[in-house]
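Residue-level structural notes
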Amino acid sequence: MRFGPIGVVRVLVSATLVVGLAAGVAFGQQQGRIAGFVEDDDGNPMEGVSIHAATPGWPRTFEDVTRADGSFAFIGLTSDEWTFTAVCEDACVDSHTDKIDDTAIGYEQAVTPWRITQGRNPPIRMTMISIRHPFEIALGETALEGLDPQALEAEMNRADEAFADGRFDEAIAGYESLLGQLPTFHMLHVQIGETLVRKGEYQAAIDAFERALAEDSENQEAQAGIARAKLSMGDFDGASAELEAAAGSLNATKEDLYNLGELEFAKGAVDVAAGWYERAAAIDPNWEKPLFKLALVALNKGDIPGAKEYFQRVVDVGPNSPEGAQAQATLNALP
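The structure displayed is predicted, hence computed values, not measured ones. (Residues numbered from 1 in each chain as written. Predicted model: local features only at pLDDT ≥ 70, side-chain atom pairs only at ≥ 80, totals over all residues. Heavy atoms only, no water.)

Remarks on the overall build of the protein
Within the protein, the secondary structure is distributed over 13 helices and 12 strands. Out of the 335 residues belonging to the protein, those deemed buried represent 40%. Of all intrachain contacts in the protein linking residues separated by at least 6 positions in sequence, the fraction that spans at least 24 positions is 55%. Here the protein displays about 18,100 Å² of accessible surface, and carbon together with sulfur accounts for 54% of that area. (Helix = DSSP H or I, 4+ residues; strand = E, 2+ residues; numbered from the N terminus. Buried < 20%, exposed > 50% of the residue type's maximum accessible area, 1.4 Å probe, protein only. Contact = heavy atoms within 4.5 Å. Areas by Shrake-Rupley, 256 points an atom, 1.4 Å probe, with all protein chains shown as cover.)

Details of the nonpolar core
Counting residues in hydrophobic clusters, the biggest one holds 30 residues, and the most contacted among them are M156, Y175, F185, L188, I192 and F209. For this core, the elements supplying multiple residues, two or more each, are α2 (134-139), α3 (149-164), α4 (168-181), α5 (187-199), α6 (202-215) and α7 (220-233). Beyond its immediate sequence surroundings of up to four residues, M156 is in contact with F135, Y175, L178, F185 and L188. In this structure, W82, C88, A110 and M128 belong to the second largest nonpolar core, which totals 20 residues. (Core = buried A, V, L, I, M, F, W, Y, C linked by side-chain atoms within 4.5 Å.)

Points about the pattern of salt bridges
Using the criterion set out here, one finds 10 salt bridges in the structure. Note that E170 is salt-bridged to R167, the shortest N-O span being 2.5 Å. Take E170: its relative accessible area is 45%, and that puts it in the partly exposed class. One salt bridge in this structure joins K289 and E323, with 3.1 Å as the shortest N-O distance. With K289 in helix α11 (residues 288-300) and E323 in helix α13 (residues 322-333), the pair connects residues that are 34 residues apart, well separated along the chain. Judged by relative accessible area, K289 falls into the partly exposed class, the value being 31%. (Salt bridge = Lys/Arg side-chain N within 4 Å of Asp/Glu carboxyl O.)

Thoughts on the packing of α5 against α6
To describe two helices that pack against each other, one gives the angle between their axes and the distance between the axes. Contact geometry for α5 and α6: axes closest at 8 Å, N-to-C directions at 170°. Taken together, the axis directions place α5 and α6 in an arrangement best described as roughly antiparallel. The two elements α5 and α6 cross, and the hand of that crossing is left-handed. Two secondary-structure elements touch here, α5 through H189, V190, I192, G193, E194, L196 and V197 and α6 through Y202, A204, A205, A208, F209, R211 and A212. Along the lines of polarity and charge, the residues of the contact of α5 with α6 split into 10 nonpolar, two polar and two charged. (Axes fitted to C-alpha atoms, helices over the stretch in contact; angles between N-to-C directions. Parallel < 35°, antiparallel > 145°, perpendicular 65-115°, else oblique. Left-handed = near helix turned anticlockwise from the far one by under 90°. Nonpolar A, V, L, I, M, F, W, Y, C, P; charged D, E, K, R; others polar.)

Details of the packing of aromatic side chains
A full pass over the atoms with the stated rule returns nine aromatic pairs. With a centroid separation of 5.6 Å and an interplanar angle of 70°, the aromatic rings of F62 and W82 are classed as edge-to-face. Placement of F62 in strand β4 (residues 62-65) and of W82 in strand β6 (residues 80-87) is noted, with a sequence separation of 20 residues between them. Since its relative accessible area comes to 0%, W82 is described here as buried. With a centroid separation of 6.4 Å and an interplanar angle of 55°, the aromatic rings of F265 and Y277 are classed as tilted. A residue pair is termed long-range when its members are at least 10 positions apart, and F265 in helix α9 (residues 254-266) and Y277 in helix α10 (residues 270-283) qualify at 12 residues. Judged by relative accessible area, which is 0%, Y277 ranks as buried. One aromatic cluster is present, formed by F62, F72, F74, W82 and F84 through successive ring pairs. A cation over an aromatic ring shows up here: K254 above the ring of W287, its NZ or CZ 4.7 Å from the ring centre. (Phe/Tyr/Trp six-rings, centres within 6.5 Å; stacked < 30°, edge-to-face > 60°. Lys NZ or Arg CZ within 6 Å of the ring centre and 35° of its normal.)

Some words on the confidence of the model for the protein
Of the residues in the protein, 80% reach a pLDDT of 70 or more, and the chain-wide mean stands at 81. When mean pLDDT is compared element by element in the protein, strand β3 (residues 50-54) scores highest at 95, while helix α1 (residues 5-28) scores lowest at 40. Below pLDDT 50 for its whole length, residues 95-103 participates in 20 contacts with residues either more than four positions away or in separate chains. (pLDDT = per-residue confidence, 0-100.)

Set out below in structure tokens:
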């Protein structure tokens with residue numbers, strides 16, 4: 001086929017129009033524009049927040065960082081469902097106070113899906129929710145006024161480590177120091193009481209637990225602590241009353257229930273004792289102590305098959321324990 005000059009011009013013009021149209025379509029697909037703002041949970045603008053915009057239909061992620069007024073902007077987004085993610089890193093600053101919130105230990109990511117069309121889109125407003133320190137959550141913001149929660153947490157960890165290592169005087173000094181700074185942190189009285197029990201200073205421990213109860217009359221940990229201290233002192237009647245109160249709570253430990261069984265067993269109330277042993281075994285089916293006592297209760301009542309069943313369970317869960325050895329010897333002797 002042969003073209004004259006006019007034909008050639010027509011072909012060139014047509015090709016130019018097609019290329020221009022294609023370029024216009026491609027250009028138009030990338031003109032989605034959007035602006036947004038990031039604020040904290042008090043409504044203050046956040047500066048330095050990293051904003052990431054992504055969609056499965058686009059091969060790369062757009063990124064921006066918020067300015068002093070909390071603003072960010074993107075241009076060149078395709079028409080699609082986009083996900084905008086705000087991430088607060090070390091550089092994040094509350095522009096209202098010009099400093100990082102002292103009681104916050106960070107901010108949660110804010111994720112907002114948004115439909116983008118070509119041209120200008122409605123602005124996005126994203127809120128960064130501050131992650132509060134556990135001390136603030138437990139005690140309230142006013143309790144930490146003027147204090148560094150991270151430093152308090154480090155001090156608490158040092159006291160806990162001293163307690164775990166058996167350095168009880170050091171642990172008590174640490175807990176008392178914290179209590180001086182956080183007088184409403186009543187659970188520190190309980191921790192001091194637990195430490196004094198470990199030291200064998202039972203009356204001082206009871207005094208500490210009672211200080212906790214004076215602030216919170218339903219403090220179940222303090223009630224259970226008093227019961228254990230009285231049991232260690234040989235005050236079985238007092239321990240029994242306290243343990244029964246603790247056993248009625250969700251915080252009763254297997255040791256609390258077992259100790260109640262021991263008190264009743266010593267008084268000859270074997271059926272009542274068996275009930276406490278069963279509750280202790282229900283909390284920890286692999287604890288040989290209550291199972292061994294349940295075997296003795298069955299043996300005391302003349303229930304040989306029941307006793308043998310419990311003794312065998314003791315051997316199964318604690319073959320190397322003193323209870324396991326006694327259970328095996330008893331099984332060998334029973335008919």
